[in-house]
Amino acid sequence: MQKRWIALFLAVMLLLSGCSLSKKPKHDKDSSANAVPVLTEAPTQATEAPVMTEATEETGETQESLEAPEGIPVVTEDAEAPEETTAPTTPPEVEGVKSTNETVYVVAEVNVRDAASFQSRVIGKLKGGDQVTRTGIGDDKWDRIDYNGKVGYVAKNYITAESPETANGATFEEVNQTVKATSNVNVRRGPGVDYQIIARLKNGEEVKRTAIGSKGWSRITYDGKNCYVSNNYLKVVSNDAVPQDK
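Just so you know, these numbers come straight off a predicted model, no measurement behind them.

Calculation criteria
- Residues numbered from 1 in each chain as written.
- Predicted model: local features only at pLDDT ≥ 70, side-chain atom pairs only at ≥ 80, totals over all residues.
- Heavy atoms only, no water.
- Helix = DSSP H or I, 4+ residues; strand = E, 2+ residues; numbered from the N terminus.
- Buried < 20%, exposed > 50% of the residue type's maximum accessible area, 1.4 Å probe, protein only.
- Contact = heavy atoms within 4.5 Å.
- Areas by Shrake-Rupley, 256 points an atom, 1.4 Å probe, with all protein chains shown as cover.
- Phe/Tyr/Trp six-rings, centres within 6.5 Å; stacked < 30°, edge-to-face > 60°.
- Salt bridge = Lys/Arg side-chain N within 4 Å of Asp/Glu carboxyl O.
- pLDDT = per-residue confidence, 0-100.
- Core = buried A, V, L, I, M, F, W, Y, C linked by side-chain atoms within 4.5 Å.
- Patch = residues over 30% accessible without salt bridge, like charges linked within 9 Å, V, L, I, M, F, W, Y side chains within 5 Å.

Let's talk about the overall build of the protein
Okay, so step 1: A tally of regular secondary structure across the protein gives three helices and 14 strands.
Okay, so step 2: Looking at the protein as a whole, 25% of its 246 residues are labelled buried.
Okay, so step 3: Counting only contacts in the protein whose residues sit at least 6 apart along the sequence, the fraction spanning at least 24 positions is 57%.
Okay, so step 4: Split by element, the accessible area of the protein, about 19,600 Å² in all, is 52% carbon and sulfur.

Pasting the structure below:
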């Protein structure tokens, strides 16, 4: 029984193999026509868009004019500004003040104000013996002066056109002497005890005397200025020739 099945199986196998050999493959003459086209990627090399650059060549067109309307001056950056000039200060004309230009002397310490009024602002002080230029004589209580280049006002009873040396009727003889203090003594702005003390000479200190007054006072040079000391406290060290005006 088993041999029969084996024989049957071999027969079937031979039959099947014979059928497969008898069949010939059929080839399409135009196989490419029915072939599915292969899709290939298009070239991916990117081409850069042209870079837009600003034109630098002159086109011949004129730029828009920035000229100002007619009648208005054009201001340019490199235009030099005019130099500032300081106008000379001239005292303003004030009603009741007569203009003048003279040297006056301060007889005692006094305030300098910016207007002819005791309620006006104080801008400085003058001391007895100071010299200033009076630029206006007022009808009332005030005179106008030049105070360090500014217009100022002082009470008129504190200034005088008379030199302190002649104010009390004294006369001064010009000399050129070296003198020394015989004691500690005050140095004043004017020839009198009413004038302000500005310094003191020590006993034995030497100074230059330029004039001797008839009322007991000597004019000396102290710190480059004319000052006054009582004759009673000075002793002559040397006499020199008085300089003559040429």
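Examining the environment of Asn101
Okay, so step 1: By secondary structure assignment, the location of Asn101 is in strand β1 (residues 97-106).
Okay, so step 2: Residues Asn101 and Ile145 lie 44 residues apart in sequence; the distance between their C-alpha atoms is 8.9 Å.
Okay, so step 3: Ignoring any residue separated from it by four or fewer positions in sequence, one finds Asn101 in contact with Thr133 and Arg134.

Points about the packing of aromatic side chains
Okay, so step 1: Under the criterion given, the structure shown has two aromatic pairs.
Okay, so step 2: Where Phe172 meets Tyr228, the ring centres are 6.1 Å apart and the plane angle is 75°; that geometry is what we call edge-to-face. You can see Phe172 sitting in strand β8 (residues 172-181) and its partner Tyr228 sitting in strand β13 (residues 225-230), a full 56 residues away along the chain.
Okay, so step 3: Here Phe172 falls in the buried class, since its relative accessible area comes to 18%.
Okay, so step 4: Classification of Tyr228 by relative accessible area gives buried; the value is 6%.

Side note on the pattern of salt bridges
Okay, so step 1: Scanning the entire structure with this criterion turns up eight salt bridges.
Okay, so step 2: The salt bridge involving Asp130 is made with Arg189; its shortest N-O contact spans 2.7 Å. With a gap of 59 residues between them, Asp130 in the loop between β3 (122-126) and β4 (131-138) and Arg189 in the loop between β9 (185-188) and β10 (197-201) connect regions that are remote in the sequence.
Okay, so step 3: Overall, the relative accessible area of 18% leaves Asp130 in the buried class.
Okay, so step 4: The salt bridge involving Arg219 is made with Glu165; its shortest N-O contact spans 2.7 Å. In this pair, Arg219 is assigned in strand β12 (residues 217-222) and Glu165 in helix α3 (residues 164-167), connecting sequence segments 54 residues apart. Pair check on accessibility: Arg219 and Glu165 agree, each one buried.
Okay, so step 5: What you see here is one network of salt bridges that share partners, running through Glu102, Arg134, Asp143 and Lys156.

A closer look at the confidence of the model for the protein
Okay, so step 1: Of all residues in the protein, 65% attain a pLDDT of 70 or more, and the chain-wide mean is 75.
Okay, so step 2: Note that residues 27-69 has pLDDT below 50 and, in this model, two contacts with residues that lie over four places away or in other chains.
Okay, so step 3: Of the regions scoring below 50 in pLDDT, residues 84-88 engages in zero contacts with residues more than four places distant in sequence or in other chains.

Observations regarding the nonpolar core
Okay, so step 1: In this structure, Val179, Ala181, Val185, Val187, Ala199, Leu201, Val207, Ile220, Cys227, Val229 and Leu234 together form the largest nonpolar core, which totals 11 residues.
Okay, so step 2: Contributions of two or more residues to this core are made by β8, β9, β10 and β13.
Okay, so step 3: With near-sequence residues (within four places) excluded, Val187 lies in contact with Gln196, Ile197, Ile198, Ala199, Arg200, Leu201, Ile220, Tyr222, Cys227, Tyr228 and Val229.
Okay, so step 4: Val110, Ile145, Tyr147 and Val154 belong to the second largest nonpolar core, which has 10 residues in total.

Regarding a nonpolar patch on the surface
Okay, so step 1: A grouping of Trp5, Ile6, Leu8, Phe9, Leu10, Val12, Met13 and Leu16 is seen on the molecular surface, where their side chains present a nonpolar patch of about 830 Å² in accessible area.
Okay, so step 2: In this fold, Phe9 is placed in helix α1 (residues 2-22).
Okay, so step 3: Judged by its relative accessible area of 55%, Phe9 falls in the exposed class.

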